[in-house]
Each structure stands twice: as C-alpha cells, then as structure tokens.
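Below are the chains, spelled out letter by letter.
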Amino acid sequence: MRSLNFDSKKPLLYLVATPIGNMNEVSPRTIEVLKEVDLVACEDTRVSGKLLKMLGLSKPLVSLREHNEVSASAEVIKQILSGKKVAYMSDAGYPCISDPGSRLVKLALQNDINVTTISGPNAALNALTSSGLCEDHFYFHGFLDAKSSVRLEELRKLADRNETLIFYEAPHRIQKTLNDMFVILGNRKACIARELTKKHEEFIRGGLEELSKLDPETLKGEMVIIVEGSLGEIKPDINNDEIIQMVKNLVNMGLSTKDAIKKVAETTNLNKNYIYKIYHIN
Ligand code: SAM
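This section reports on the structure supplied with the text. (Residues numbered from 1 in each chain as written. Predicted model: local features only at pLDDT ≥ 70, side-chain atom pairs only at ≥ 80, totals over all residues. Heavy atoms only, no water.)

## Looking at the sheet that holds strand S4 (residues 86–89)
Turning to step 1, where the next piece is worked out: Taking strand neighbours across the sheet as the criterion, the 5 strands line up as S3-S2-S4-S1-S5 in an open arrangement whose pairing is parallel. Only two strands of the sheet have a single neighbouring strand rather than two, namely strand S3 (61–63) and strand S5 (114–118). The sheet shows a mean angle of 25 degrees between the axes of neighbouring strands, direction not considered.
Turning to step 2, where the next piece is worked out: In terms of strand pairing, strand S1 (residues 12–16) meets S4 through 3 bridges, oriented parallel. Note on S4: the bridge partner recorded for Tyr14 is Ala87.
Turning to step 3, where the next piece is worked out: The strands touched by helix H3 (residues 69–81) within the sheet are S1, strand S2 (39–42), S3 and S4, with S4 carrying the most contacts at an inclination of about 155 degrees. (Pairing = 2+ DSSP bridges. Helix = DSSP H or I, 4+ residues; strand = E, 2+ residues; numbered from the N terminus. Axes fitted to C-alpha atoms, helices over the stretch in contact; angles between N-to-C directions. Contact = heavy atoms within 4.5 Å.)

Here it is as structure tokens:
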C-alpha cells in the first residue's frame, strides 16, 4: 500500500531520535516537530522532560517503556486517532534500536497511521564510522545476553559472519564480554567506542586479546564494541559446486580463468589458491 507521509490525510506518528551525549545533536527539524506536537510519548518522562525544558518547550508527557509498551502503545494510538499530533522518543538515539518503540510502530501501521522518523544520532553508526573497521557490510547485534552461557552461544553463532559486528555493552559487563569475544572470535581487530559525542569520548583500537586485558576501572560510561568480521577461508554457506559454478559463469562471460578465480575470491572472501585447487580438481 502506498501513502505519502507529508501529503496525506492519514495521521502521522513522529519517531524522534534524541542526543546520545551532546545536547547540540538536536537538529532544527527536531525542534520544529517537537514544537508542533500535542503530546510526547517517551521512554522516561524525566529524561525527555529535561530535553524539552532545555529546548524551552513544555508538552504533556506519557510514559511508554519496555514494561508497559503494549498498553501504553494502545493508549498512544487512541490519542493519534482522536486527532492529536504525537511524537515518540526514547532516552537516547533512535527509538526501536535496542530501545522501545517497535510495538508502537507496528500498532500504528495496523491502524492506518503513517510513521516518520526525525533523524538524529545513533551510537552504533557513530562508533562504526570512526572505528576504522567500517566495511561495505556490517551486522548490528545490540546487547549480548547477560548470562555467560547464552552469550557464548550467541557469539558462536556470529563467528562465521564476514560482516563487521556491532555490539552495545554496559560497563559492568564489558570485561567478561571482551573475554568471551576473544575466546570465541580469536584475536580479531576491534574497537571500543566510549562516551561518544561527550567530553571524554574515546576510541580504543586493538586486538581482542589486548582489549580483554584492559583494566575495567578505565572502561566506564557508555560504550559500543566494533569487531572485525570473520576472515575465515571457508564460508559454510557456499559449497564447492557453487564456487566452481561461479568461476564457470565468469569464464563464460569472457574472463580468463585467473581473473575469474580472483573475482570469486574477492566476492566470497575465500582464498585464491583454495578456489584454484577445487576448480582444477573438478
Ligand atoms: N537507541 C540508542 C541508539 O540509537 O544508539 C541505543 C540505546 S541502548 C539502550 C544504550 C546503549 O547504546 C548503551 O549501553 C551503549 O552501548 C550505547 N550508547 C548509547 N550512547 C552512547 C554513547 N554516547 N557512547 C557510546 N555508546 C553509547
């Protein structure tokens, strides 16, 4: 179903991204929208109340957090359907990204309410871009489980991924998490991005072994962990027949065997000699 967000008779829910550390991250567009709305639904009324006060605004606030997301979302939808203009914001960054909001969005769409996002900062992307580990593809995992056995299992499932991995972590778990990462992922390149956009912003780049030995007392505040993707030579989801077929397709397109193997090595992250071997054996 097609519907223009800003040229429609349908009601519109505004998801508003908020600062992750530096209050100047609030854009003129965010202020414009917050001025216009009748009601602000938010994760924590104290946090959002402060932000609105800083902007010189006063709006009715409604709490919509993880523990009341279902009932509060239904209430917010009622308000929008009764003609109120409503914005939703979480405590920091984008709603829905390791934060509440997804249920509200789904319920809005089910009720024929359009949804728009007012852009702003996001800790994962901020960390990724400065990490030095940003590649074409990345995988955002958010928080790993607090329980070590579950966390190790989660990491095992991620170990073969070729994309750069992005994690959120809390200071009281950082050391255990870095240890688990080193055990499961090996000594990959990684980066801890701490206190982003704040006065004490810090990037700690190194191998997972080195990072896991850092004094946890020096790792306070909010942080994102970026880890290089797998450099493994054999991707479990591609079998030899498929690799050979990829080479054959390129040769049929006019590439020399050598160039075709090089291209397949680049796209699959497999070792050139390995591809050469299986191609010539068959
Ligand atoms: N919705 C947010 C976003 O879009 O980035 C994320 C919210 S999540 C509950 C909070 C986690 O994000 C923190 O534990 C930390 O891992 C990361 N984070 C948030 N602000 C940060 C900052 N200023 N510096 C580093 N990490 C931050």
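Continuing now.
## A look at a positive patch on the surface
Turning to step 1, where the next piece is worked out: A cluster of basic side chains, namely Lys258, Lys262, Lys263 and Lys272, defines a positive patch on the protein surface.
Turning to step 2, where the next piece is worked out: Broken down by element, the positive patch gets its largest block of residues, 3 residues, from helix H10 (residues 257–268).
Turning to step 3, where the next piece is worked out: Relative to the elements of secondary structure, Lys263 occurs in helix H10.
Turning to step 4, where the next piece is worked out: On the basis of relative accessibility, which here comes to 42%, the residue Lys263 falls in the partly exposed class. (Patch = residues over 30% accessible without salt bridge, like charges linked within 9 Å, V, L, I, M, F, W, Y side chains within 5 Å. Areas by Shrake-Rupley, 256 points an atom, 1.4 Å probe, with all protein chains shown as cover. Salt bridge = Lys/Arg side-chain N within 4 Å of Asp/Glu carboxyl O. Lys, Arg positive; Asp, Glu negative; His and termini not counted. Charge placed at Lys NZ, Arg CZ, Asp CG, Glu CD. Buried < 20%, exposed > 50% of the residue type's maximum accessible area, 1.4 Å probe, protein only.)

## A short note on the packing of helix H9 (residues 240–252) against H10
Turning to step 1, where the next piece is worked out: One way to put it is that H9 packs onto H10 with a least axis distance of 9 Å and a crossing angle of 130 degrees. Between H9 and H10, the angle falls in the class oblique. For the pair H9 and H10, the sense of crossing is right-handed. Within the contact between the two elements, H9 uses Ile243, Met246, Val247, Leu250 and Val251 and H10 uses Thr257, Ala260, Ile261, Lys263, Val264, Thr267 and Thr268.
Turning to step 2, where the next piece is worked out: In terms of residue class, the contact of H9 with H10 is made up of 8 nonpolar, 3 polar and 1 charged. (Parallel < 35°, antiparallel > 145°, perpendicular 65-115°, else oblique. Left-handed = near helix turned anticlockwise from the far one by under 90°. Nonpolar A, V, L, I, M, F, W, Y, C, P; charged D, E, K, R; others polar.)

## Describing the site of the ligand
Turning to step 1, where the next piece is worked out: Around the ligand, the structure places 19 residues, and the nearest of them are Ile20, Asp99, Asn122, Tyr168 and Met223.
Turning to step 2, where the next piece is worked out: For the ligand, a nitrogen atom lies 2.8 Å from a polar atom in the backbone of Ile20.
Turning to step 3, where the next piece is worked out: Between Leu196 and the ligand, the recorded distance is 2.9 Å, taken from a backbone N or O atom to a nitrogen atom.
Turning to step 4, where the next piece is worked out: Broken down by secondary-structure element, the contributors of at least two residues to the shell around the ligand are strand S7 (164–169) and strand S10 (223–227).
Turning to step 5, where the next piece is worked out: Each residue belonging to the shell around the ligand can be placed in one class, and the counts come to 11 nonpolar, 3 polar and 5 charged. (Near = heavy atom within 4 Å. Polar contact = N/O pair within 3.5 Å; in protein donor to acceptor, adjacent residues only side chain to side chain.)

## Some remarks on the pairing of S4
Turning to step 1, where the next piece is worked out: Neither face of S4 is exposed, since Val86 and Tyr88 on one face and Ala87 and Met89 on the opposite face are all buried.
Turning to step 2, where the next piece is worked out: In the sheet, S2 pairs with S4 via 4 bridges, with the strands oriented parallel. Across the sheet, Leu39 pairs through a bridge with Val86, a residue of S4.

## Brief notes about helix H1 (residues 28–36)
Turning to step 1, where the next piece is worked out: If you check which residues of H1 are buried, you get Thr30, Val33 and Leu34. Each buried residue of H1 sits inside an arc of 95 degrees when the element is viewed along its axis, so together they form one side. Within H1, the exposed residues directed more than 90 degrees away from the buried face are Pro28 and Lys35. (Arc of directions from axis to C-beta.)

## Observations concerning the pattern of salt bridges
Turning to step 1, where the next piece is worked out: With the rule as written, the count across this model stands at 14 salt bridges.
Turning to step 2, where the next piece is worked out: Of the charged contacts, one joins Lys85 and Glu36 as a salt bridge, the two residues approaching to 2.6 Å between their closest N and O atoms. Here the residue Lys85 occupies a position in the loop between H3 and S4, and Glu36 occupies one in helix H1, the gap between them amounting to 49 residues.
Turning to step 3, where the next piece is worked out: By relative accessible area, Glu36 is classed as partly exposed at 41%.
Turning to step 4, where the next piece is worked out: The salt bridge partner of Glu153 is Arg156, with a shortest N-O separation of 3.0 Å. Taken together, the residues span about one helical turn, with Glu153 and Arg156 both in helix H6 (residues 148–158) at a distance of 3 residues.
Turning to step 5, where the next piece is worked out: By relative accessible area, Glu153 is classed as partly exposed at 35%.
Turning to step 6, where the next piece is worked out: A residue is classified by how much of its surface remains accessible, and Arg156, at 47% relative accessible area, is partly exposed.
Turning to step 7, where the next piece is worked out: Several salt bridges share partner residues, and in doing so they unite Glu195, Lys198 and Glu222 into one network.

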